[in-house]
Amino acid sequence: MKAAVITANGFGDGLIMMIASHQLTKAGYKVTTFNDHLGQIGDWFTNQSFQNQPKEGDDLSEFDLIILQHDNSKKSKYLIKNYRDKLTILYPSYNKNRHPKFTDKDFVFNGNKPIVCEVAKALSSLFNIEYCIENGLKIPSELTLKHVPSRIAIHPTSTTPLRTWTLSKFVAVAKWLLKRGYSPLFCLSPKERSELMPHIPEWIEIPNIQTLGDMAKVIAESQFVVGNESGIVHLASNLNIPFLVIAGNGKRIQQWQPGWRIGEVITPPNWVPNMKGMRLRENHWQHFIPTSQVTKSINTAMSEIK
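The shown structure was predicted, so the numbers you read here are calculated from the model rather than taken from an experiment.

S.K.: It is not clear to me how the sheet that holds strand 2 (residues 30–34) should be interpreted in this structure. Could you clarify?
M.R.: Two orientations exist for strands paired in a sheet by backbone hydrogen bonds: parallel and antiparallel. Spatial ordering of the open sheet is given by 3-2-1-4-5-6, a layout of six strands whose pairing is parallel. Of all strands in the sheet, those bounded by a partner on one side alone are strand 3 (49–51) and strand 6 (107–108). One ladder, built from four bridges, connects strand 1 (residues 2–6) with strand 4 (residues 65–69); its direction is parallel. Opposite Ala 3, over in strand 4, you have Leu 65 as the bridge partner. Here helix 2 (residues 74–83) sits on the sheet in contact with strand 1, strand 4 and strand 5 (87–91), set at roughly 150° to strand 4.

S.K.: Sorry, what's going on with the nonpolar core here?
M.R.: Counting 53 residues, the largest nonpolar core has Leu 24, Trp 44, Phe 45, Val 119, Ile 219 and Val 225 as its most contacted members. Contributions of two or more residues to this core are made by strand 1, helix 1 (11–26), strand 4, helix 3 (115–127), helix 6 (212–220), helix 7 (231–238), strand 10 (243–246) and helix 8 (250–256). No other element matches the eight residues that helix 1 contributes to this core. If we ignore the near neighbours within four places in the chain, the residues touching Val 225 are Ala 153, Ile 219, Ile 232, Val 233, Ala 236, Ile 241, Pro 242, Phe 243 and Leu 244. In this structure, Phe 170, Ile 200, Ile 206 and Ile 289 belong to the second largest nonpolar core, which totals 28 residues.

S.K.: It is not clear to me how the state of the cysteines should be interpreted in this structure. Could you clarify?
M.R.: Between two cysteines, a covalent bond joining their sulfur atoms is known as a disulfide. Enumeration over the complete set of coordinates arrives at zero disulfides. Left unpaired, Cys 117 is separated from the closest cysteine sulfur, that of Cys 132, by 11 Å.

S.K.: Is there a simple way to think about helix 4 (residues 167–179) in this case?
M.R.: Quick reminder: α-helices carry 3.6 residues per turn. Residues three or four places apart thus point the same way. End to end, helix 4 covers 19 Å across 13 residues, agreeing with the expected 18 Å (1.5 Å per residue, within 8%). Looking at helix 4, one finds that the buried residues are Leu 167, Lys 169, Phe 170, Val 171, Val 173, Ala 174, Trp 176 and Leu 177. Following helix 4 by one or two positions, Gly 181 has its phi on the positive side, about 90°.

S.K.: Explanation requested: unusual backbone geometry in the structure shown.
M.R.: As a rule of thumb, non-glycine residues mostly have phi less than zero, and peptide bonds are mostly trans rather than cis. Notably, Asn 128 is not glycine yet its phi reads approximately 55°, a positive angle. On the secondary structure map, Asn 128 appears in the loop between helix 3 and strand 7 (151–155). Its relative accessible area of 73% is what places Asn 128 among the exposed residues. Positive phi, normally seen in glycine, also occurs at Lys 146, with a value near 55°. When its relative accessible area of 27% is taken as the criterion, Lys 146 is described as partly exposed.

S.K.: Which parts of the structure should I look at to understand the pairing of strand 7?
M.R.: Look at any regular strand and the pattern is simple: side chains alternate between the two faces of the sheet. In terms of residue burial, strand 7 counts as a mostly covered element, since five of its five residues are buried. Neither face of strand 7 is exposed, since Arg 151, Ala 153 and His 155 on one face and Ile 152 and Ile 154 on the opposite face are all buried. Where strand 7 lies against strand 8 (residues 183–186), four bridges are found, and the strand directions are parallel. Residue pairing for strand 8: Ile 152 is matched across the bridge by Pro 184. Pairing of strand 7 with strand 9 (residues 224–228) involves four bridges; the strand directions are parallel. Pairing of Ala 153 across the sheet is with Val 225, part of strand 9.

Rules behind the numbers
Residues numbered from 1 in each chain as written. Predicted model: local features only at pLDDT ≥ 70, side-chain atom pairs only at ≥ 80, totals over all residues. Heavy atoms only, no water. Pairing = 2+ DSSP bridges. Helix = DSSP H or I, 4+ residues; strand = E, 2+ residues; numbered from the N terminus. Contact = heavy atoms within 4.5 Å. Axes fitted to C-alpha atoms, helices over the stretch in contact; angles between N-to-C directions. Core = buried A, V, L, I, M, F, W, Y, C linked by side-chain atoms within 4.5 Å. Buried < 20%, exposed > 50% of the residue type's maximum accessible area, 1.4 Å probe, protein only. Disulfide = S-S within 2.5 Å. Expected span 1.5 Å × (residues − 1).

Structure representation (structure tokens):
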């Protein structure tokens, strides 16, 4: 039996949906996972095949089962239109007025629980597979987990400005860490590096990261990870590395928080107005999370680790 697991676009989405790929592989399926990022760390997954996201018109008829992480995209609509009989749809949320007719092959996640847990629950419920959140991720043999004792990896970017804490505050956190004997570094892609370098002090280490594989190696050897809501903090969680995620939407992060190792999460206070005409929490949440709150949380977490 051949199965396709089709994720949403993000790297974090890919790591989460690898739970389905890994568990289906153990159940005897030959699985191909469709995600634009995972192939860059394909050697971190044993006996798994990867392809980039399918496009409208691509032929998936060779697969007996297709599991789709629904993301309201044209891709999802195409797959539902052409392969509904083979399709199991996993919905982060479901609205009968916006989504296709729900079937007994589909599953809706509980919005109050991490999606990592809900994917495992879906596999258990739909395919009678024992509940398990493992996705098969293993670091290459030449790496040693948490190899650099004082390294704190900071990922100061994300996919959108609305999910990104203020860069100057990340710099302030790095300065605080350096004064306390840690070795903070900024994890940046080549594009991010060229864009942000003028705004980052020379004393902050920025390793030469050319690929997602390079980024993953830096994270794997770090003691702690600080970042926005992004795939990088999901990777830290997946590797059982302590982390802190800074997020603007408390309700969203309740569902999308990294769910392998549970880490620290900071969101703006509930009293910040978010009513129509005054979307301060939605559009300006960064102003309501001070540097001191982040450093205090890091200090507490590192004390518990020691």
